[in-house]
Number of protein chains: 2
Amino acid sequence: MPLYALTLEYHGGPFVGWQRQANGLSVQQVLEEAAAKLNDGIPPASIAAGRTDAGVHAEGQVAQIELVRKIAPDRLREALDFHTRPYPIVIRRAALAPPGWNARFSAIRRGYRYRMLNRRARPALDDGLVWHVKAPLDAGAMHAAAQGLLGRHDFSAFRAAACQAKSALRTLDRLDVARLGEELVVTAEARSFLHHQIRNLVGTLLEVGQGRRGVEWPRRVLEGRDRAQAGMTAPPEGLCFTFVRYAEEPDWA
Amino acid sequence: MPLYALTLEYHGGPFVGWQRQANGLSVQQVLEEAAAKLNDGIPPASIAAGRTDAGVHAEGQVAQIELVRKIAPDRLREALDFHTRPYPIVIRRAALAPPGWNARFSAIRRGYRYRMLNRRARPALDDGLVWHVKAPLDAGAMHAAAQGLLGRHDFSAFRAAACQAKSALRTLDRLDVARLGEELVVTAEARSFLHHQIRNLVGTLLEVGQGRRGVEWPRRVLEGRDRAQAGMTAPPEGLCFTFVRYAEEPDWA
């Protein structure tokens, strides 16, 4: 049976997250039910590169679905984009997956963006897409602190209690903090992340940005490997899964 | 009575536009009713730099309100930002207006941005903030065509039938078209604009971007002064009023 790769954009607001759950609507369920309409009514099992949490957005999530018969990738993209209506889930690209390719396990790099609106007035235009932080943040200090976290480490201090990964060892390749006017943008890249890792990193860097902690503090938290020492978990609405890279890219239509 | 200047951000989606109307909720009504709570229950009359249409957004609209008594600009900003809840209208800045200043008539430059999402998939993250245009657009050709419209001209060809301005003479100072990935952004600046002028300009440039008309065509439409020759009126959701400049800026808190 042919395996397809899909690039998805979605607004996390209305969903319980990527993964199917008994207590609400997931991105996975909407996608699989849309695909069922092209698959003799059978919802195909899907796998995603990243199991985004409730409220987390994506502009470059990658998922795979196996269908009972071949369909041209461009037609698949168009049909799924139609059947996911009216939900805020769209299919940006589709491709026949290369042999042996897996949306989750073949990924060699994942990118996320975390947006903070750093001003006194609440967000009107970007409500639901940013974390509103009223107190002025020092982006330079946050960026400097972030550089001390790059590389291969045990990230236990920044890991959710519910994290199911066997090991907390991860290699953080990029963690940039930049100011764009009233907005602070955190860009994070790694082969893979632990559950809540980026949101916990952002919540920790926030304390540096507010001047409550020094630039060296996040590195000490990392080395302590104790979640209780780190900052808060930043809220989901600021986070967006931006891209996935593969050693062998699907031939996107 | 003290006159205040306010910088507003709002999402145009839920409103009939800036101006009060019998048939629905306006930004002006929400602002004036919020201000009434600081004004002995009397809604003060407000004037805006630009009377944005239904569905048009703002991140830098400027309005004035006259209150019965003095209040510190920062407290005014905070209180209005509170009382405009839960509507997507926020007060970014407030100031005591300079003597003789008028939000509308003292403005010397207005800036707008028009966003198009130029891809096949519908928008999920920026739904309501962009015009979705599926067919590929040539931003370079649109930009070149736009340069032929700069300067002082009779813009009758790009003016709404309902436009109330006495003269259609306007000086267009900037009309840039740039591609940012899947997005096309039009940046327009002038002392003032006619009703629907930017949306009609965008709808006209679109035909150049699609290759249906040559780069010189919008200039010929301008010179013809006939609205029937120009392109469609681009939908309101892509438009955002970004800034207003004054010869004498209020001392923003």
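Residues numbered from 1 in each chain as written. Chains lettered and ligands numbered in written order. Predicted model: local features only at pLDDT ≥ 70, side-chain atom pairs only at ≥ 80, totals over all residues. Heavy atoms only, no water.

Things to note about the overall build of chain A
Thought 1: Within chain A, the secondary structure is distributed over five helices and ten strands.
Thought 2: Taking 18 Å as the expected radius of gyration for a compact globule of 253 residues, we find that chain A reaches 19 Å, a close match to that expectation.
Thought 3: The principal-axis extents of the C-alpha atoms in chain A amount to approximately 60 × 40 × 35 Å.
Thought 4: The contacts of chain A with a sequence gap of at least 6 include a subset with a gap of at least 24, amounting to 71%.
Thought 5: About 10,700 Å² of surface is accessible on chain A, with carbon and sulfur atoms providing 50% of the total. (Helix = DSSP H or I, 4+ residues; strand = E, 2+ residues; numbered from the N terminus. Rg over C-alpha atoms; globule rule 2.2 N^0.38 Å. Contact = heavy atoms within 4.5 Å. Areas by Shrake-Rupley, 256 points an atom, 1.4 Å probe, with all protein chains shown as cover.)

Some remarks on the layout of surface pockets
Thought 1: The volume enclosed by the largest pocket comes to roughly 1,300 Å³.
Thought 2: Forming the boundary of the largest pocket are 44 residues, of which A:Arg115, A:Asp126, B:Arg115, B:Asp126 and B:Glu183 lie nearest the centre.
Thought 3: Of all elements in the fold, only β3 (57-66), β5 (107-117), β9 (183-190) and β10 (239-246) of chain A together with β3 (57-66), β5 (107-117), β9 (183-190) and β10 (239-246) of chain B reach the threshold of two or more residues within the lining of the largest pocket.
Thought 4: Partitioned by chemical class, the residues of the lining of the largest pocket number 15 nonpolar, eight polar and 21 charged. (1 Å grid on protein atoms, 1.4 Å probe; cavity = no way out; pocket = protein on both sides within 12 Å on 5 of 7 lines; lining within 4 Å. Points joined across faces, edges and corners; volume = space filled by probe spheres on them. Nonpolar A, V, L, I, M, F, W, Y, C, P; charged D, E, K, R; others polar.)

Points about unusual backbone geometry
All names here are of chain A.
Thought 1: At the junction of Arg85 and Pro86, the peptide bond is cis and its omega measures out at 0° in the coordinates.
Thought 2: Inspection of the secondary structure puts Pro86 in the loop between α2 (73-83) and β4 (89-96).
Thought 3: The phi angle at Asp40 is positive, at roughly 55°, despite the residue not being glycine.
Thought 4: Here Asp40 shows up in the loop between α1 (27-36) and β2 (46-48).
Thought 5: Positioned with a positive phi, His196 is a non-glycine residue whose angle comes to about 70°.
Thought 6: Following the sequence through the fold, His196 ends up in the loop between β9 and α4 (197-209).
Thought 7: You can call His196 partly exposed: its relative accessible area is 23%. (Buried < 20%, exposed > 50% of the residue type's maximum accessible area, 1.4 Å probe, protein only.)

Things to note about the domain arrangement of chain A
Residues and elements named next belong to chain A.
Thought 1: On domain assignment, one finds that chain A holds domain 1 (3-105) and domain 2 (111-242).
Thought 2: Put simply, the middle of domain 1 and the middle of domain 2, counted by C-alpha atoms, are 28 Å apart.
Thought 3: Facing 13 residues of domain 1, the contacting portion of domain 2 comprises twelve residues.
Thought 4: Counting each side, the surface lost to burial between domain 1 and domain 2 is near 1,000 Å², with a carbon and sulfur contribution of 54%.
Thought 5: For the domain 1 face of the interface with domain 2, the top three residues by lost area are Asp53, His57 and Glu59, together amounting to 47%.
Thought 6: Across the contact surface, domain 1 and domain 2 share two salt bridges.
Thought 7: We note a salt bridge from Arg113 to Glu59, for which the minimum N-O separation is 2.8 Å.
Thought 8: There are ten residue pairs in polar contact (both at pLDDT 80 or more) connecting domain 1 and domain 2.
Thought 9: Its residues placed into classes, the side of domain 1 that touches domain 2 shows four nonpolar, seven polar and two charged. (Domains from an automatic or database assignment. Buried area = accessible area lost by both parts, 1.4 Å probe. Salt bridge = Lys/Arg side-chain N within 4 Å of Asp/Glu carboxyl O. Polar contact = N/O pair within 3.5 Å; in protein donor to acceptor, adjacent residues only side chain to side chain.)

Quick word on the interface of chain A and chain B
Thought 1: At the interface, 31 residues of chain A touch 31 residues of chain B.
Thought 2: Of the roughly 2,300 Å² buried between chain A and chain B on both sides combined, carbon and sulfur atoms contribute 46%.
Thought 3: By the criterion of area lost to chain B, the three top residues of chain A are A:Arg120, A:Arg122 and A:Leu125, representing 36% of everything that side buries.
Thought 4: Across the contact surface, chain A and chain B share ten salt bridges.
Thought 5: Note that B:Asp81 is salt-bridged to A:Arg122, the shortest N-O span being 4.0 Å.
Thought 6: Along the contact surface separating chain A from chain B lie 18 residue pairs in polar contact (both at pLDDT 80 or more).
Thought 7: Within the residue set of the side of chain A that touches chain B, elements represented by two or more residues are β1 (3-10), β3, α2 and β4 of chain A.
Thought 8: A class-by-class count of the residues in the side of chain A that touches chain B yields 14 nonpolar, three polar and 14 charged.

As for the UniProt feature "active site" (unreviewed entry) in chain A
All names here are of chain A.
Thought 1: Here the UniProt feature "active site" (unreviewed entry) sits at Asp53.
Thought 2: Locating Asp53 in the fold gives a position in the loop between β2 and β3.
Thought 3: Of the residues examined, Asp53 reaches a relative accessible area of 22% and is grouped as partly exposed.
Thought 4: The contacts of Asp53, once residues within four sequence positions are left out, are Val16, Gly17, His195, His196 and Arg199.
Thought 5: At 3.1 Å, the side chain of Asp53 forms a polar contact with the side chain of His195. (UniProt positions renumbered as here; feature names shortened; annotations may be inferred.)

Description of the pattern of salt bridges
All names here are of chain A.
Thought 1: Scanning all chains against the criterion turns up 43 salt bridges over all chains.
Thought 2: Between Glu189 and Arg174 there is a salt bridge whose closest N-O contact spans 3.1 Å. Residue Glu189 is located in strand β9, and its partner Arg174 is located in strand β8 (residues 169-180); the two are separated by 15 residues in the primary sequence.
Thought 3: Judged by its relative accessible area of 33%, Arg174 falls in the partly exposed class.

Re the UniProt feature "binding site: substrate" (unreviewed entry) in chain A
All names here are of chain A.
Thought 1: The UniProt entry lists Tyr112 under the feature "binding site: substrate" (unreviewed entry), expressed in the numbering used here.
Thought 2: Along the chain, Tyr112 falls in strand β5.
Thought 3: Owing to a relative accessible area of 11%, Tyr112 belongs among the buried residues under this scheme.

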